[in-house]
Structure formats: C-alpha cells, structure tokens
Amino acid sequence: MSSLIHSISNLYPCTDCRTDFKESVKRSPPEPHTSNKQTLQVYLCERHNEVNRKLNKEQFECDPKLLDERWRTGVKGCDGGGLHPE
Ligand SMILES: Cc1cc2nc3c(=O)[nH]c(=O)nc-3n(C[C@H](O)[C@H](O)[C@H](O)COP(=O)(O)OP(=O)(O)OC[C@H]3O[C@@H](n4cnc5c(N)ncnc54)[C@H](O)[C@@H]3O)c2cc1C
C-alpha cells in the first residue's frame, strides 16, 4: 500500500495534483498508517482534506465510523454526499 501511495505521488497525471500530493506524502509519509484499514482510511481522508482546503471545499470529518458509512455501508455509488437511509 505504501508503494502504491508513493507511486501515485509520482504518476498522477494532473501536474498540480501530483506536485502537491508529493509534498503531502513527504510531510506525512504513509508508512505508519498502512498497517490496518482504519488507520489507512483516516490517513487518506486527511490527505483528501488537504486537497479540499486548497479547493475551498468542505472538510470531511475523518472519523472511521463516518468514513465507513460514506464509502462502505451507505448508499451505493460515489455521487452522494452522505447516507440515504431506507
Ligand atoms: C492524490 C490526489 C490529488 C488531487 N489534487 C487535486 C488538485 O490539486 N486540484 C484539484 O482540482 N483536484 C485535485 N484532486 C481531485 C479532487 O480531490 C477532487 O476529487 C476533484 O476536484 C473532483 O471533485 P468532486 O467534488 O467530484 O469529488 P471530491 O471532492 O473528491 O468529493 C467526492 C466525495 O468524497 C467525499 N469526501 C470529501 N472529502 C473527503 C475526505 N476527506 N475523505 C473521504 N471522503 C471525502 C464526499 O462525500 C464527496 O461527496 C486530487 C485527487 C487526488 C486523488
């Protein structure tokens, strides 16, 4: 997983994204966070929030329960901003 994250920081096609992500990975290396799913998802959420700040988008609360609800157990698809309870 660490190798994948480092590779993205070198290969991401968008130049600005790649440059900033590379800096982010240098400041906050993935290695201590890749040993389990929970620490990894929080780590990735924090990197995503850095981009959100840069783009003046809302911050996402990097709570593992909320991340699971948003990305694993909530409504299927990637376009929702949150859950749609039955
Ligand atoms: C490594 C990397 C670097 C990037 N750098 C740039 C850049 O420099 N400039 C640029 O314009 N774009 C960048 N992007 C793309 C940017 O993050 C958005 O994905 C893109 O702007 C499309 O916006 P969107 O609103 O469709 O999706 P997103 O902003 O990605 O939002 C999609 C969904 O993700 C959820 N979400 C939001 N924040 C978080 C979070 N912190 N953790 C988990 N879920 C969250 C929300 O529910 C939202 O509905 C980068 C992407 C990556 C993977």
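Residues numbered from 1 in each chain as written. Predicted model: local features only at pLDDT ≥ 70, side-chain atom pairs only at ≥ 80, totals over all residues.

### Some remarks on the site of the ligand
Then, number 1: The environment of the ligand is made up of 18 residues, and the closest members are Cys17, Phe21, Cys45, His48 and Phe60.
Then, number 2: Elements supplying a minimum of two residues to the shell around the ligand: α2 (15-27), α3 (37-54) and α4 (64-73).
Then, number 3: If you tally residues by element for the shell around the ligand, the top one is α3, at 6 residues.
Then, number 4: Taken together, the residues of the shell around the ligand sort by class into 9 nonpolar, 4 polar and 5 charged. (Near = placed C-beta within 6 Å. Helix = DSSP H or I, 4+ residues; strand = E, 2+ residues; numbered from the N terminus. Nonpolar A, V, L, I, M, F, W, Y, C, P; charged D, E, K, R; others polar.)

### Points about the environment of Asn49
Then, number 1: Among the secondary structure elements, Asn49 is positioned in helix α3.
Then, number 2: If we ignore the near neighbours within four places in the chain, the residues touching Asn49 are Gln59, Phe60 and Cys62. (Contact = placed C-beta atoms within 7 Å.)

### A word on the packing of helix α1 (residues 2-11) against α2
Then, number 1: It is at 7 Å that the axes of α1 and α2 come closest, and there the two elements cross at 145°. Residue-level inspection shows Ile5, His6, Ile8 and Ser9 of α1 in contact with α2, the latter providing Arg18, Phe21, Lys22 and Val25.
Then, number 2: For the contact of α1 with α2, the class distribution of residues is 4 nonpolar, 2 polar and 2 charged. (Axes fitted to C-alpha atoms, helices over the stretch in contact; angles between N-to-C directions.)

### With respect to the environment of Pro32
Then, number 1: For Pro32, the location among the structural elements is in the loop between α2 and α3.
Then, number 2: Along the primary structure Pro32 and Tyr43 are separated by 11 residues, whereas in three dimensions their C-alpha atoms are 9.5 Å apart.

### Brief notes about the environment of Tyr12
Then, number 1: Structurally, the position occupied by Tyr12 is in the loop between α1 and α2.
Then, number 2: It is 9.7 Å that separates the C-alpha atoms of Tyr12 and Lys22, two residues lying 10 residues apart in sequence.
Then, number 3: Other than its neighbours up to four places away in sequence, Tyr12 contacts Cys17, Arg18 and Phe21.

### Side note on the confidence of the model for the protein
Then, number 1: Per-residue confidence for the protein averages 90 on the pLDDT scale, and 87% of its residues sit at or above 70.
Then, number 2: Across residues 82-86, where pLDDT falls below 50, the model places 5 contacts with residues more than four positions away in sequence or in other chains. (pLDDT = per-residue confidence, 0-100.)

### Focus on unusual backbone geometry
Then, number 1: Positive phi values are uncommon outside glycine, yet Asn56 reaches one of about 55°.
Then, number 2: The topology assignment puts Asn56 in the loop between α3 and α4.
Then, number 3: Residue Asn56 is classed as exposed on the basis of its 6 C-beta neighbours within 10 Å. (Buried ≥ 20, exposed ≤ 12 C-beta atoms within 10 Å, placed from the backbone.)

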